[in-house]
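Spelled out from the first residue to the last, the chains are:
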2 protein chains.
Amino acid sequence: MIYGVILAGGIGSRMAKEKPKQYLNIGGKPIILHTIEKFRLCSEFEKTIILCPEDWIEYTKELVHKYIKKTEDIVIIKGGSTRNETIQNAIDFIENEGNLNNDTIIVTHDAVRPFVTYRIIQDNIKAAEGYGACDTVIPATDTIVESQDNQVVSAIPDRSKLYQGQTPQSFNALKLRELYRSLSEEEKDILTDAAKIFVIKGEPVYLIKGETSNMKITYPYDITVAESLLKEKKDA
Amino acid sequence: MIYGVILAGGIGSRMAKEKPKQYLNIGGKPIILHTIEKFRLCSEFEKTIILCPEDWIEYTKELVHKYIKKTEDIVIIKGGSTRNETIQNAIDFIENEGNLNNDTIIVTHDAVRPFVTYRIIQDNIKAAEGYGACDTVIPATDTIVESQDNQVVSAIPDRSKLYQGQTPQSFNALKLRELYRSLSEEEKDILTDAAKIFVIKGEPVYLIKGETSNMKITYPYDITVAESLLKEKKDA
């Protein structure tokens, strides 16, 4: 079985004044709704699990009911204290449903990447089924500079071997759980990227071709870029 | 002596139909003019050398005369077949002026990064004078993924040690020339980044803190982002 897993933030703070980026509007609709709709285009998903800060669960439920008619296959639960803990919460949910076995695949995706495509999700599903893990990437556009001491350049690695990580990252869920549970607390702190857990443990992670447009909305001006991308798509 | 070196493209093709990005307008003025104006705020520069495709030299001269009153310290000459050859053309020009010696510093900068700041240029000058070479960078925002075979992830390096390269890159001009001339033709093909020549040869390159806003205008939607950045600055 295949589950969509949309990462919309972990444990929230009641003190946080700003609305998390995934709830801001682009094209008159919250970013997270654009993302959810991309997942719902793929009939392979048993369910799509949305993990968000506890304080935002009710709000997210309201949004989903406002914008989407058929919501039985959408689950909204709270995230964990880290990105990896959040993913583990999704796997716990699948386990509680009785659907965690050797063939269970999760397609994990940032809520703030609303321009993911049907093709990217399909490629993720196929690669995770075939190989156990995959990561969506685009070739690095910037020169990447390495510095061990934050003062002097230690290396400028060959850019043709470098990629910028996007999402989805997709995994055999049981394999990811086993590998994650085998980590020490110290390793857990360092390995903030789920794909890196596979890499560190010597398990292959296949590359899936992303898209420049599959951008992450992080900075305020990303909203402007996202609006213009939406407009381009409408005009095309 | 200190020279500004603005890289606005190498040998152009008469077949190229599109106008190079540096000549597109933002805020009603060509991008390259915004960049030139940032350099002219720094009185340390003996001259600012602009290197552009041969076919665009006359056009660039017209633009400079249209937008800038005092143009005696601006030089417009043709670029080379590669980025490094273009920089060598600038050093040749300085040599022909009789100003190439042990203390000559060049501050090389992409014409398509119009939001470079006075602070960044000053930091570049000081570091190049003190240490011989420096590179402007910001901490890497994306996860960087390495693949040796373009199929499977070979490493996901620790992001806290990684930076995205911007410009300016600033150098002791004579040192850069010596190092460049010591390269084999094969090395010249690989070392497209001037700072990397120093790194490969074991010479220190200091990091200068860049800015997210010091963006490179590469894609069409970067123009939209640039316009909104300009507007923010005006509103601030």
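As shown above, the structure is provided for reference.
A few points on the structure. Computed from a predicted model, the values in this text were never measured in an experiment.

1. Side note on the overall build of chain A
Consideration 1: What chain A contains, in helices and strands, is 8 helices and 10 strands.
Consideration 2: For 236 residues, the compact-globule estimate of 2.2 N^0.38 gives 18 Å, and the C-alpha radius of gyration of chain A, at 18 Å, lies within 12% of that figure.
Consideration 3: Referenced to the eigenvectors of the C-alpha coordinate spread, the extents of chain A come out at roughly 50 × 45 × 40 Å.
Consideration 4: Across the 236 residues in chain A, those meeting the buried criterion constitute 53%.
Consideration 5: For chain A, long-range pairs separated by at least 24 residues make up 76% of all intrachain contacts whose partners lie at least 6 apart in sequence.
Consideration 6: Entry remark: accessible area of chain A is about 10,900 Å², with carbon and sulfur atoms responsible for 49%.

2. Focus on the relation of the copies chain B and chain A
Consideration 1: Rotating chain B by 180 degrees and moving it 0.0 Å along the rotation axis overlays it on chain A with an RMSD of 0.0 Å. Here the transformation between the copies is reduced to the relation of a two-fold axis. No C-alpha of chain B lies nearer the rotation axis than that of B:V225, which sits 3.1 Å from it.
Consideration 2: Taken as a fraction of all interface residues of chain B, those also at the interface in chain A reach 100%, which identifies the copy contact as same-surface.

3. Observations regarding the side chain of A:N99
All names here are of chain A.
Consideration 1: Here N99 shows up in the loop between α3 (83–96) and β6 (105–110).
Consideration 2: At 2.8 Å, the side chain of N99 forms a polar contact with the side chain of Y3.
Consideration 3: In this structure N99 touches M1, Y3, I94 and T104, once residues within four positions along its chain are discounted.

4. Topic: the packing of helix α1 (residues 31–40) of chain A against helix α2 (residues 57–67) of chain A
All names here are of chain A.
Consideration 1: Close contact between α1 and α2 brings their axes to 11 Å; oriented N to C, the two are set at 60 degrees. One way to sum up the angle between α1 and α2 is to call them oblique. In the packing of α1 onto α2, the handedness of the crossing is right-handed. On the side of α1, the interface is formed by I32, L33 and I36, while α2 contributes T60, L63, V64 and Y67.
Consideration 2: Residue classes in the contact of α1 with α2 are distributed as 6 nonpolar, 1 polar and no charged.

5. So, the packing of aromatic side chains
Consideration 1: By the definition in use, this model includes 12 aromatic pairs over all chains.
Consideration 2: Measuring from centroid to centroid gives 5.3 Å for A:W56 and A:Y59, while their planes differ by 80 degrees, and the two rings are edge-to-face.
Consideration 3: On the basis of relative accessible area, A:W56 is assigned to the partly exposed category, the value being 22%.
Consideration 4: Look at B:Y23 and B:Y59: their rings are 5.4 Å apart centre to centre, the planes differ by 75 degrees, and that puts the pair in the edge-to-face class. Taken together, the positions of B:Y23 in the loop between β1 (2–7) and β2 (25–26) and B:Y59 in helix α2 (residues 57–67) put the pair 36 residues apart, joining distant regions of the chain.
Consideration 5: A relative accessible area of 2% places B:Y23 in the buried class.

6. Some remarks on the nonpolar core
Consideration 1: Counting residues in each nonpolar core, the largest one holds 35 residues, and the members touching the most others are B:I49, B:I106, B:F171 and B:L176.
Consideration 2: Elements with a contribution of two residues or more to this core: β1, β4 (45–52), β5 (74–78), α3 (83–96), β7 (133–139), β9 (162–172), α5 (173–181) and α7 (194–200) of chain B.
Consideration 3: Excluding residues that lie within four positions of it along the chain, B:F171 makes contacts with B:T104, B:I105, B:I106, B:T108, B:A128, B:G132, B:A133, B:L176, B:A194, B:A195 and B:F198.
Consideration 4: Listed in part, the 34 residues of the second largest apolar core include A:L174, A:L176, A:L179 and B:V153.

7. As for the pairing of strand β4 (residues 45–52) of chain A
All names here are of chain A.
Consideration 1: The element β4 is largely enclosed, with a buried count of 7 among its 8 residues.
Consideration 2: Taken together, the 6 bridges between strand β1 (residues 2–7) and β4 define a ladder with parallel strand orientation. Its bridge partner being in β4, G4 is matched across the sheet by T48.
Consideration 3: Sheet topology note: the β4/strand β5 (residues 74–78) ladder contains 5 bridges and is parallel. Note that in β5 the partner of L51 across the bridge is I77.
Consideration 4: Note on the crossover from β4 through α2 to β5: the handedness is right-handed.

8. Re helix α5 (residues 173–181) of chain A
Residue and element names in this part refer to chain A.
Consideration 1: Every buried residue belonging to α5 is among A173, L174, L176, R177, L179 and Y180, and all of these are buried.
Consideration 2: Among the structural elements, α3, β6, β9 (162–172), α6 (185–190) and α7 (194–200) are those in contact with the buried residues of α5.
Consideration 3: The N-capping residue of α5, defined by a side-chain oxygen 3.1 Å from the backbone nitrogen of L174, is N172.

9. Concerning the interface of chain B and chain A
Consideration 1: Contact with chain B, which involves 40 residues of that partner, is made by 40 residues of chain A.
Consideration 2: Counting the surface lost from both chain B and chain A, the interface buries some 3,600 Å², and carbon and sulfur atoms represent 62% of this.
Consideration 3: Summed over the three residues of chain B that lose the most area to chain A, namely B:I156, B:Y163 and B:Y221, the buried surface amounts to 16% of that side.
Consideration 4: At the surface where chain B touches chain A, the tally comes to 0 salt bridges.
Consideration 5: One can count 16 residue pairs in polar contact (both at pLDDT 80 or more) joining chain B with chain A.
Consideration 6: At the level of elements, β7, β8 (144–146), β9, α7, β10 (206–209) and α8 (220–235) of chain B are the ones that each hand at least two residues to the side of chain B that touches chain A.
Consideration 7: The biggest single contributor to the side of chain B that touches chain A is α8(B), with 6 residues.
Consideration 8: As paired elements, strand β8 (residues 144–146) of chain A and β9(B) share 3 bridges and run antiparallel to each other. Each bridged residue has a counterpart across the sheet, and for A:V145 the counterpart in β9(B) is B:Y163.

Thresholds applied
- Residues numbered from 1 in each chain as written.
- Chains lettered and ligands numbered in written order.
- Predicted model: local features only at pLDDT ≥ 70, side-chain atom pairs only at ≥ 80, totals over all residues.
- Heavy atoms only, no water.
- Helix = DSSP H or I, 4+ residues; strand = E, 2+ residues; numbered from the N terminus.
- Rg over C-alpha atoms; globule rule 2.2 N^0.38 Å.
- Buried < 20%, exposed > 50% of the residue type's maximum accessible area, 1.4 Å probe, protein only.
- Contact = heavy atoms within 4.5 Å.
- Areas by Shrake-Rupley, 256 points an atom, 1.4 Å probe, with all protein chains shown as cover.
- Least-squares fit on C-alpha atoms with pLDDT ≥ 70 in both.
- Polar contact = N/O pair within 3.5 Å; in protein donor to acceptor, adjacent residues only side chain to side chain.
- Axes fitted to C-alpha atoms, helices over the stretch in contact; angles between N-to-C directions.
- Parallel < 35°, antiparallel > 145°, perpendicular 65-115°, else oblique.
- Left-handed = near helix turned anticlockwise from the far one by under 90°.
- Nonpolar A, V, L, I, M, F, W, Y, C, P; charged D, E, K, R; others polar.
- Phe/Tyr/Trp six-rings, centres within 6.5 Å; stacked < 30°, edge-to-face > 60°.
- Core = buried A, V, L, I, M, F, W, Y, C linked by side-chain atoms within 4.5 Å.
- Pairing = 2+ DSSP bridges.
- Right-handed = clockwise from strand over helix to strand, strands pointing away.
- Buried area = accessible area lost by both parts, 1.4 Å probe.
- Salt bridge = Lys/Arg side-chain N within 4 Å of Asp/Glu carboxyl O.

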